[in-house]
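# A structural walkthrough
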Amino acid sequence: MRNLWILTRFLLKSGPGKSNQKSGKKKAFSDGGRIVVYLLLGVCLLPVSVLLFLLGYSGYTFLQPLGLETLLIEFVCAIGMMVIFFYGLPLFLSEYYMDSDLVKLLPLPFTPAQIVGAKGFCCLLNEYYLIVLLFFPFLLGYGISAKMGIFYWINMILACLIFPVVPLVYAAVLTMLVMRLFKNIRNKDFLSYLGFAASLIFAIGINVFSRSIGNFEMQDIMNLMESQKGTLRAFRTIFPNLPLLHDIGKALDHEIEGSHVQIGVDICRKYKENTQIIHAIEAHVFFALAWKIYLPAVLGMSETTSEKRILSKEEVTRTVKSKNPVRTYAMIEWKKLYRTPAWFMNCVLMPLIWPVFMLGIALISIISSLGMAKTTGLWTRLVADGTIFRLLKGELPVAVAVLTASGIAVMMSMFCVISATAMSRKGSEYIYMKCIPMSYHDQIRAMLVSGILISLLGTLPYALVFNIIAVVFGLHPATLLYTTAITVLFTLFVNYEQLLFDLAFPKLNWENETAAIKSNNRSLISVLIDLTVGAILIGAGYLLYGKLHLNIHITTSVMILLTAVLTFAMRTALFKWGVQVMEHLESA
């Protein structure tokens, strides 16, 4: 047991792809960045937590007179267990199959059961963060509304501890069975795409859930629970700890003053007896399957699947043809990006698909709130009676378009991290940068190409399309020039700043391609710098136009000039200090 806890602590501290991380300042920098990531995730999920708190608070008030208050707990727990199960699938794939630390752990004095158990504990502890943000607020609101006593809060803590165990075991068993039976998917490239798709579906599901729960009335929730009682009975069979969670509602010591101590003791004893039996069975099944099917499958993992093909004479001639060195270097960088799944999904695909999803979610929200017929009729009336033309006349629509384009360009810096990881992605291969007959100045130019093109592809087309449509309906034609100039200049500034920061603080020590992106806290700091600068620029524009009441054309010209000055200064710093940093890396 002691070795199990030691290994669990090591895996939690090191994290995936960071077992070779150095100590000292770099370790403190990484730990601080990890805390920032958790805080940002908590802020993003805070609206959902508030909605769940309100659901628990108002749900008890509404359902208590009907005697259905405990059914609400069980219903929410059943939904939560399914969320934990589907979230656990990519989590187990990442922890058990994507990491390359198993080869290093097997020679150490740890048994296979201890290695598997330590990885399982890491997954369980990672799930508790989600439990605190999504499950705990509901029980908190429920307990405050019901004015619960001490035994409810004790049972609530026990419930939060046992809540993710059963769905995680199911997720682990399903993952191990699939990986053992289907040999064709046993490569990390395929699993990277699979994990990305699952994460994307999970993020969209959270967004849809948070929007739908905000529109729900308590009568709708009660009707839903009444219609799904059969499903709930099936869930009790699938998840044995679900009836235990149902017993939390019995700890109503504010209603039973005389016997609340005995009720609390009985419930705690029931928790202890039943959870010991359930978890003992789960542990035996889990370790038995891990011994038989996990180790053979993970030791047969490959990095990718590739088909060998002999190049034709024309292809060889085209490949070895002399070309511009900067263009050739940029093409090499681009091929590495789209041929490496982790880099392609996080660096290329994210900035291209998220604008589409945001537009889709906004459109769906409008249609769901107004209805398709009403939305179409409203747009028809705006065009037919000329209201849309009157709305787009004057300076205010130009100001809104310019500030919106600036905001989109600023937000895109959060998604496109190609330049923010350009040097870090080279890893130990950075040493080859001094072996090729190419100046550092040209190498920096080549590393910028992919980031600038993808950033512009994720922002400029949308700005152009919407502004062209708006100009057709009466918006000032200069808006098209303003938004294009601001988008291009700020995109250049972001890529210059991100590459300079990555050259100054590269993460060259990583074990797999995912760690170069996911565990690179430097890129997060670089993005925060870009967001700060963008907020200052947008704030300056709002101050000049909204408070000082300057002409919108003068305001926009000042914003463009300020962005151009910052971009030129950052470009100068990049090509001056960046070359010096690369020379320092050469002699390091």
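Residues numbered from 1 in each chain as written. Predicted model: local features only at pLDDT ≥ 70, side-chain atom pairs only at ≥ 80, totals over all residues. Heavy atoms only, no water.

## Description of the overall build of the protein
Summing up its helical and strand segments, the protein has 24 helices and 0 strands in all. Counting across all 588 residues of the protein, residues that qualify as buried make up 46%. A sequence separation of at least 24 residues applies to 85% of the contacts in the protein between residues at least 6 apart. Within the structure as shown, the protein displays about 30100 Å² of accessible surface, and the carbon and sulfur contribution to it stands at 70%. (Helix = DSSP H or I, 4+ residues; strand = E, 2+ residues; numbered from the N terminus. Buried < 20%, exposed > 50% of the residue type's maximum accessible area, 1.4 Å probe, protein only. Contact = heavy atoms within 4.5 Å. Areas by Shrake-Rupley, 256 points an atom, 1.4 Å probe, with all protein chains shown as cover.)

## Looking at unusual backbone geometry
Unusually for a residue other than glycine, histidine 549 sits at a positive phi of about 60°. Mapping histidine 549 onto the fold places it in the loop between helix H23 (521-547) and helix H24 (552-587). With relative accessibility at 64%, the residue histidine 549 sits in the exposed group.

## Things to note about the packing of aromatic side chains
Under the criterion given, the structure shown has 5 aromatic pairs. The interplanar angle of 50° and the centroid separation of 5.1 Å between the aromatic rings of phenylalanine 501 and phenylalanine 505 together place this pair among those described as tilted. Judged by relative accessible area, which is 15%, phenylalanine 501 ranks as buried. When the ring centre of tryptophan 343 is taken as reference, the NZ or CZ atom of arginine 425 above it lies at 5.7 Å. (Phe/Tyr/Trp six-rings, centres within 6.5 Å; stacked < 30°, edge-to-face > 60°. Lys NZ or Arg CZ within 6 Å of the ring centre and 35° of its normal.)

## Description of the confidence of the model for the protein
For the protein, mean pLDDT is 75; residues scoring 70 or higher make up 74% of the total. When mean pLDDT is compared element by element in the protein, helix H21 (residues 478-504) scores highest at 90, while helix H12 (residues 242-246) scores lowest at 59. Within the model, pLDDT remains below 50 along residues 16-29, and this stretch shows 28 contacts once partners closer than five positions in the same chain are excluded. (pLDDT = per-residue confidence, 0-100.)

## Comments concerning helix H6 (residues 136-146)
In terms of burial, H6 is a largely internal element, 8 of the 11 residues being buried. Burial in H6 covers these residues: Pro137, Phe138, Leu139, Gly141, Tyr142, Gly143, Ser145 and Ala146. With its phi angle positive at about 55°, lysine 147 sits one or two positions after the end of H6.

## Things to note about the nonpolar core
Residues Tyr96, Phe138 and Tyr294 are the most contacted members of the largest nonpolar core, which totals 60 residues. Of all the elements, helix H3 (residues 69-98) adds the most residues to this core, at 14 residues. Core analysis: the second largest hydrophobic core is formed by 34 residues, Val326, Val410, Ala446 and Leu456 among them. (Core = buried A, V, L, I, M, F, W, Y, C linked by side-chain atoms within 4.5 Å.)

## Here we look at the pattern of salt bridges
Following the criterion strictly, the structure yields 4 salt bridges and no others. A salt bridge links glutamate 333 to arginine 425; the shortest N-O distance between them is 3.8 Å. Of this pair, glutamate 333 sits in helix H15 (residues 325-339) while arginine 425 sits in the loop between helix H19 (395-415) and helix H20 (440-472); the two residues are 92 residues apart in sequence, bridging distant segments of the chain. Residue classification places glutamate 333 among the buried positions, given a relative accessible area of 7%. Arginine 425 sits in the buried class, given a relative accessible area of 7%. Among the ionic pairs, lysine 426 bridges to glutamate 333, the shortest N-O distance being 2.7 Å. (Salt bridge = Lys/Arg side-chain N within 4 Å of Asp/Glu carboxyl O.)

## Section: the side chain of threonine 563
Its location among the elements puts threonine 563 in helix H24. From its side chain, threonine 563 meets the backbone oxygen of methionine 559 in a polar contact 2.7 Å long. Each residue touching threonine 563, except ones within four places of it in the same chain, is listed here: Leu489, Phe490 and Leu537. (Polar contact = N/O pair within 3.5 Å; in protein donor to acceptor, adjacent residues only side chain to side chain.)

## Remarks on the packing of H21 against H23
Where H21 meets H23, the axes come as close as 10 Å, and the angle between the chain directions of the two elements is 145°. The two elements H21 and H23 meet at a crossing, and its hand is right-handed. Listed contacts from H23 to Phe490, Phe493, Val494, Glu497, Gln498 and Phe501 of H21 are Arg522, Ile525, Ser526, Val527, Ile529, Asp530, Val533, Gly534 and Leu537. Residues belonging to the contact of H21 with H23 are distributed by class as follows: 9 nonpolar, 3 polar and 3 charged. (Axes fitted to C-alpha atoms, helices over the stretch in contact; angles between N-to-C directions. Left-handed = near helix turned anticlockwise from the far one by under 90°. Nonpolar A, V, L, I, M, F, W, Y, C, P; charged D, E, K, R; others polar.)

## With respect to a nonpolar patch on the surface
Residues Leu543, Leu548, Leu550, Ile554 and Val558 make up a contiguous nonpolar surface patch of about 410 Å² in total accessible area. Along the chain, the position of valine 558 falls in helix H24. Its relative accessible area of 37% is what places valine 558 among the partly exposed residues. (Patch = residues over 30% accessible without salt bridge, like charges linked within 9 Å, V, L, I, M, F, W, Y side chains within 5 Å.)

## Remarks on the packing of H19 against H23
Here H19 crosses H23 at 170°, and the two axes come no closer than 8 Å. Classified by the angle their axes make, H19 and H23 are roughly antiparallel. Contacts from Glu395, Leu396, Ala399, Leu403, Ser406, Gly407, Val410, Ser413 and Met414 of H19 reach H23 at Val527, Asp530, Leu531, Gly534, Ile538 and Tyr545. Each residue belonging to the contact of H19 with H23 can be placed in one class, and the counts come to 9 nonpolar, 4 polar and 2 charged. (Parallel < 35°, antiparallel > 145°, perpendicular 65-115°, else oblique.)

## Overview of H20
Between its terminal C-alpha atoms H20 stretches 47 Å, which fits the 48 Å expected from 33 residues at 1.5 Å a residue. The largest bend along H20 reaches roughly 35° and is located at leucine 457, with the proline proline 461 sitting one to four residues downstream. Once H20 finishes, glycine 474 follows within two positions and takes phi at roughly 115°, a positive value. (Expected span 1.5 Å × (residues − 1). Bend = angle between axes of the 7 residues up to and from the residue.)

## Overview of the side chain of serine 406
Looking at the secondary structure, you find serine 406 in helix H19. Classification of serine 406 as buried rests on a relative accessible area of 5%.

## Regarding the environment of leucine 544
In this fold, leucine 544 is placed in helix H23. Residues leucine 544 and isoleucine 554, spaced 10 residues apart in sequence, show a C-alpha to C-alpha distance of 9.0 Å. In this view, leucine 544 contacts His549, Leu550, Thr555 and Val558; residues no more than four positions away in its chain are not counted.

## A few points about a positive patch on the surface
A surface patch of positive charge is lined by Arg318, Lys321, Lys323, Arg327, Lys335 and Arg339. Counting residues per element, the positive patch draws most heavily on H15, which supplies 3 residues. The residue lysine 323 is located in the loop between helix H14 (313-319) and H15 in this model. (Lys, Arg positive; Asp, Glu negative; His and termini not counted. Charge placed at Lys NZ, Arg CZ, Asp CG, Glu CD.)

## Here's the deal with the environment of isoleucine 408
As for its position among the elements, isoleucine 408 is in helix H19. Put simply, isoleucine 408 and threonine 459 are 51 residues apart on the chain and 6.9 Å apart in space, counted from C-alpha to C-alpha.

## Topic: the environment of glycine 120
Take glycine 120: it is sitting in helix H5 (residues 112-134). Linking glycine 120 and glutamate 95, residues 25 residues apart in sequence, is a C-alpha distance of 8.4 Å.

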